[in-house]
Amino acid sequence: ATAKDISTLGGRCANVWWAETIKKANRHFGKQRGQKASTPHETTKTRKTKSTPSTYVVEKNKSGKEVLVIDDLSDEHTPSPPPPPPPKIGENNASDHDDVDGIEEDELIASRESESIPTSKTAFKNHPLFVIPSTLKHKEVLSPDSKNRICGIFKGEMVYKRADVSKALVAKKWLYKGRKVRHEEMTKPAKIVKARQKPTKIGFQAIASYGVTKSDQADTIITSGIGCEDDDGNSRLYGVWQTNEWAPRTIGPDDNIPVNEYKNVELALLNPGLIHLRLHRIATVAKTLGIPYAPCLLGFEGHGGNLTPTIRGIVVHQHNVDMLHEAHTEWESQTVEIEYRKRQELIHRRWRRIVIGIMTKERLEREYAKD
């Protein structure tokens, strides 16, 4: 079968080649049978079937044995059957593709399992199966039970499976993943790395005449906490096995809104029972009505060390949302009306100034035109 036939039949090879080979063989033996019809030692037996017009002929070969030959007369008398129609797109192809994908996946797994340990340290970097501790990235750690699945030794280092490597995060970042570090694990971090130093802010430069020395200024900067990442300048990373599933606690109507040390609420850690409202000057409306609220922190903008917090909208209790929406709608209508009045007053003031100017000009021309 040609590539066209294979693609037409959806990737399945038909017995076209075999059928054409039989037809060619029948034509060849048919010619020989016509040439040897006059020989007296040859006996011919013919029988036909009901279903097909093919004739079965028994002939003798050179060794004297009888051979059954198919004399296919359908090529001369009956037209060949039409080829099967090509399968429709998406019909009976999904299962074939699934079978092919499954076979390829099994072969890939078998090849991975039979793959040997790399022979160079560079090959261990980003290797899909094996890893050594010295090639781990900044925030990658090995699970505690990885020692039970050691694959070998490379230059004095244990070779572990890549599946035992996981990402470690600081305690606060685990909260964004919906997990929380257990209290007893806080003193046992999985990894301690050097924290990224922020660019030092250039503050006020003291002058000697002010009575403040440079050492006093440095002490003031250190005690104020500028440029300090942690107490010891290191970041404590924790693995996923040191955490439990966590979700913010539900806030009731009578509970206070929990805020961080900067008196705002992070949207990524929003408690159930609180709603984020992002409307124009909604904080003014809430303050006017005496409804408790807190600014909402969406994230940080910038690049490098110059990151600024992005605060948009406020966070309020769920039962105060409808009241704030109605009050904000009324406040907007009043604001539009007040702005319209101010605009009209400004227009009248300007027209009055123009009219007074024109009248003053005419009066001056009348009084001093003769001079």
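Residues numbered from 1 in each chain as written. Predicted model: local features only at pLDDT ≥ 70, side-chain atom pairs only at ≥ 80, totals over all residues. Heavy atoms only, no water.

Our focus in this paragraph is the overall build of the protein chain. Broken down by element type, the protein chain carries 9 helices and 16 strands. In the protein chain, which comprises 371 residues, the proportion classed as buried is 21%. For the protein chain, restricting intrachain contacts to residue pairs at least 6 apart in sequence, the fraction spanning at least 24 positions comes to 57%. (Helix = DSSP H or I, 4+ residues; strand = E, 2+ residues; numbered from the N terminus. Buried < 20%, exposed > 50% of the residue type's maximum accessible area, 1.4 Å probe, protein only. Contact = heavy atoms within 4.5 Å.)

Spatially, the 3 strands line up as an open sheet ordered β4-β7-β6, and their pairing is antiparallel. Two strands close off the open sheet at either side, each with one partner strand: β4 (130-131) and β6 (152-154). Here 3 bridges tie β6 to strand β7 (residues 157-161), and the two strands are oriented antiparallel to one another. Bridge pairing links G152 to V159 in β7. (Pairing = 2+ DSSP bridges.)

Let's shift gears to the nonpolar core. In terms of nonpolar packing, the biggest core is built from 10 residues, these being L277, I282, V285, A286, I291, I314, V316, V321, L324 and A327. Each residue touching V285, except ones within four places of it in the same chain, is listed here: L324, A327, H328 and W331. Formed by 7 residues, the second largest nonpolar core is a distinct cluster that contains I257, V265, A294 and C296. (Core = buried A, V, L, I, M, F, W, Y, C linked by side-chain atoms within 4.5 Å.)

The subject of this paragraph is helix α9 (residues 321-368). Spanning 48 residues, α9 covers 70 Å between terminal C-alpha atoms, matching the ideal 70 Å at 1.5 Å per step. What α9 keeps buried is the set V321, L324, A327 and H328. Looking at the buried positions of α9, the neighbouring elements they touch are β14 (274-277), α8 (282-289) and β16 (306-317). (Expected span 1.5 Å × (residues − 1).)

Caution applies to low-pLDDT parts of the model: their predicted coordinates are not meant to be read in detail. On average, residues of the protein chain score 75 in pLDDT, and 63% of them reach the 70 mark or higher. For the stretch residues 36-54, pLDDT sits under 50, and the model shows 28 contacts to residues farther than four places along the chain or on other chains. (pLDDT = per-residue confidence, 0-100.)

On to α8. Residues of α8 that are buried: I282, V285 and A286. The arc that holds every buried residue of α8, seen down its axis, measures 95°, which confines them to one face. Every exposed residue of α8 that faces more than 90 degrees away from the buried side is listed here: K287 and T288. (Arc of directions from axis to C-beta.)

Below, the discussion takes up the environment of P258. As for its position among the elements, P258 is in the loop between β12 (243-245) and β13 (265-266). On the accessibility criterion, P258 (27% relative accessible area) is partly exposed. For P258 and L270, which are 12 residues apart along the polypeptide, the C-alpha to C-alpha distance reads 9.4 Å. Excluding residues within four positions of it along the chain, P258 makes contact with I251, V265, N271 and L274.

With that settled, consider the pattern of salt bridges. Throughout the structure, instances matching the rule amount to 8 salt bridges. One salt bridge connects E184 with R182, and the closest N-O pair in it is separated by 3.5 Å. Note that R341 is salt-bridged to E337, the shortest N-O span being 2.7 Å. With R341 and E337 both in helix α9 and 4 residues apart, the pair spans about one turn of that helix. Since its relative accessible area comes to 42%, E337 is described here as partly exposed. One network of salt bridges, in which partners are shared, links D145, R149 and D164. (Salt bridge = Lys/Arg side-chain N within 4 Å of Asp/Glu carboxyl O.)

The topology assignment puts H317 in strand β16. Accessibility expressed as a relative area gives 3% for H317, which makes it buried. Those residues in contact with H317 that lie beyond four places of it in its chain are I251, G252, P253, D255, I257, G273, L274 and P292.

It is worth spelling out unusual backbone geometry at this point. Here N126, not a glycine, exhibits a phi torsion of approximately 60°, which is positive. Within the element layout of this structure, N126 appears in the loop between α5 (121-124) and β4. Despite not being glycine, K155 has its phi angle at roughly 50°, a positive value. Along the chain, K155 falls in the loop between β6 and β7. The exposed category is assigned to K155, whose relative accessible area is 75%.

A separate point is a negative patch on the surface. Together, D99, D101, E104, E105, D106 and E107 make up a negatively charged patch on the protein surface. Examined against the element boundaries, D101 turns out to sit in helix α4 (residues 94-113). The exposure class of D101 is partly exposed, given its relative accessible area of 44%. (Patch = residues over 30% accessible without salt bridge, like charges linked within 9 Å, V, L, I, M, F, W, Y side chains within 5 Å. Areas by Shrake-Rupley, 256 points an atom, 1.4 Å probe, with all protein chains shown as cover. Lys, Arg positive; Asp, Glu negative; His and termini not counted. Charge placed at Lys NZ, Arg CZ, Asp CG, Glu CD.)

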